[in-house]
Amino acid sequence: MISAHAVVQSRQIGSDVEIGPFAVLAPGCRIGDRVRIHPHVVIGPGVAIEEGVEIFPGAVLGREPKGAQAIARPLPFERRVRIHPHASIGPHAVIYYDVEIGEGTLVGDAASIREGCRIGARCIIGRSVMMSFHCRMGDRSRIMDCTHVAGKSLIGNDVFVSMLVSMTNDNRMEERAFREEKIVGPRIADRASIGAGSCLLPGVAIGEGAIVAAGSVVTRDVAPYTLVMGVPARPVRSLER
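Note that the coordinates shown come from a computational prediction; the quantities given were computed from them, not determined experimentally.

Asks: Looking at this model, I keep getting lost on the pairing of strand S33 (residues 234-238). Mind explaining?
Replies: Regular strands show a simple pattern: their side chains alternate between the two faces of the sheet. Counting buried positions over the five residues of S33 gives zero, only a small fraction of the element. Of the strand pairs in this sheet, strand S32 (residues 226-229) and S33 are connected by four bridges, and their pairing is antiparallel. Residue pairing in the sheet places Leu227 in a bridge with Arg237 of S33. Hairpin connection, S32 to S33: the antiparallel pair is bridged by four residues, and Gly230 has positive phi, about 110°.

Below, the structure written as structure tokens:
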């Protein structure tokens, strides 16, 4: 059912689709079968929504990255978004162009996912998570509420990142200038866990199965299957594989 108050300019609408009042679907977007689009959703050109996806009120899919005159880095992107089957996009989430979200993944309320991000299947992106540009995230990983994922971070499969974690990607703050080759976020290997309120500094590698205790500041690489804690984080003990 398509509400009479929705603005639907695309001709690529599947079967059994629900579109709520005041939703806006631009020309050139593609909606698969059994998709449910709640009121006040905005879907831009080049966005592909696959079968069984649900998009909650106020979400924006296909936002163009713009920096006014304040952002130094370039903002290249492809005008495309792909949401794989049975994903769920929460209220007021903002999905920029050049993003792909895997099958069965949940994007929480007011989350923001910037251009160039690729998110795997059956992941959780919690409420108010900010995922910056060109991040990669494997399958079945979870990022909890109010966490910031710095641009160019890498997150593996089956990773758990708790709430209020901050990741950084630039050790040259004094330059006040963007240098692409110096920007690198943390790299978190498969099955690692990051405790609440931790801070990961630019370029640190968290090894497979490692655990970072809550409130730690990680300034150097963490070996696989190692528990670290403290400010700065130091190894405490080895973990069973």
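Resuming the write-up.
Asks: In this structure, what is going on with the packing of aromatic side chains? I would like to understand it.
Replies: Two measures describe an aromatic ring pair: the distance that separates the ring centres and the angle between the ring planes. Under the defined criterion, the tally for this structure stands at one aromatic pair. With centroids separated by 6.0 Å and ring planes inclined at 15°, the aromatic side chains of Phe77 and Tyr97 adopt a geometry described as stacked. Separated by 20 residues along the polypeptide, Phe77 in the loop between strand S10 (60-63) and strand S11 (81-83) and Tyr97 in the loop between strand S13 (94-96) and strand S14 (99-101) bring together distant segments of the chain. The lysine or arginine in question, Arg114, covers the ring of Tyr96, its NZ or CZ lying 4.3 Å from the ring centre.

Asks: Is there a simple way to explain unusual backbone geometry in this structure?
Replies: Leaving glycine aside, a negative phi is the common case for residues, and trans is the common case for peptide bonds. The amide bond that connects Val231 to the next residue, Pro232, takes the cis arrangement and shows omega of -5°. Among the secondary structure elements, Pro232 is positioned in the loop between S32 and S33. In the Ramachandran plot, Arg34 falls in the positive-phi region, its phi being about 55° despite a non-glycine side chain. Within the secondary structure layout, Arg34 lies in the loop between strand S5 (30-31) and strand S6 (36-37). The partly exposed category is assigned to Arg34, whose relative accessible area is 44%.

Asks: So what exactly am I meant to see when it comes to the nonpolar core here?
Replies: A general trend in soluble globular proteins is that nonpolar side chains are found buried together. With 57 residues, the main nonpolar core has Ile37, Ile55, Ile89, Met131, Ile188 and Ile206 as its most contacted residues. Of all elements in the fold, only strand S8 (47-49), S11 and S14 reach the threshold of two or more residues within this core. With sequence-adjacent residues up to four places away left out, Met131 is seen in contact with Ser112, Ile113, Arg114, Cys117, Ile119, Ile125, Met137, Ile143 and Val149.

Asks: Teacher, can you tell me more about the sheet that holds strand S29 (residues 205-206) here?
Replies: As a general point, the strands of a sheet are linked pairwise by backbone hydrogen bonds and lie either parallel or antiparallel. Taken together, ten strands build an open sheet; the order of strands is S2-S5-S8-S11-S14-S17-S20-S23-S26-S29 and the sheet is parallel. Both outer strands of the open sheet, strand S2 (12-13) and S29, are each paired with one neighbouring strand and no more. In this structure, S11 lies alongside S14, joined through three bridges in parallel fashion. Within S14, the residue paired with Ile83 across the bridge is Ile101.

Asks: How should a nonpolar patch on the surface be read in this particular structure?
Replies: Taken together, the side chains of Val7, Val24 and Val42 make up a nonpolar region of the molecular surface, amounting to roughly 180 Å² of accessible area. Overall, Val24 belongs to the partly exposed group, its relative accessible area being 30%.

How each quantity is defined
Residues numbered from 1 in each chain as written. Predicted model: local features only at pLDDT ≥ 70, side-chain atom pairs only at ≥ 80, totals over all residues. Heavy atoms only, no water. Buried < 20%, exposed > 50% of the residue type's maximum accessible area, 1.4 Å probe, protein only. Helix = DSSP H or I, 4+ residues; strand = E, 2+ residues; numbered from the N terminus. Pairing = 2+ DSSP bridges. Phe/Tyr/Trp six-rings, centres within 6.5 Å; stacked < 30°, edge-to-face > 60°. Lys NZ or Arg CZ within 6 Å of the ring centre and 35° of its normal. Core = buried A, V, L, I, M, F, W, Y, C linked by side-chain atoms within 4.5 Å. Contact = heavy atoms within 4.5 Å. Patch = residues over 30% accessible without salt bridge, like charges linked within 9 Å, V, L, I, M, F, W, Y side chains within 5 Å. Areas by Shrake-Rupley, 256 points an atom, 1.4 Å probe, with all protein chains shown as cover. Salt bridge = Lys/Arg side-chain N within 4 Å of Asp/Glu carboxyl O.

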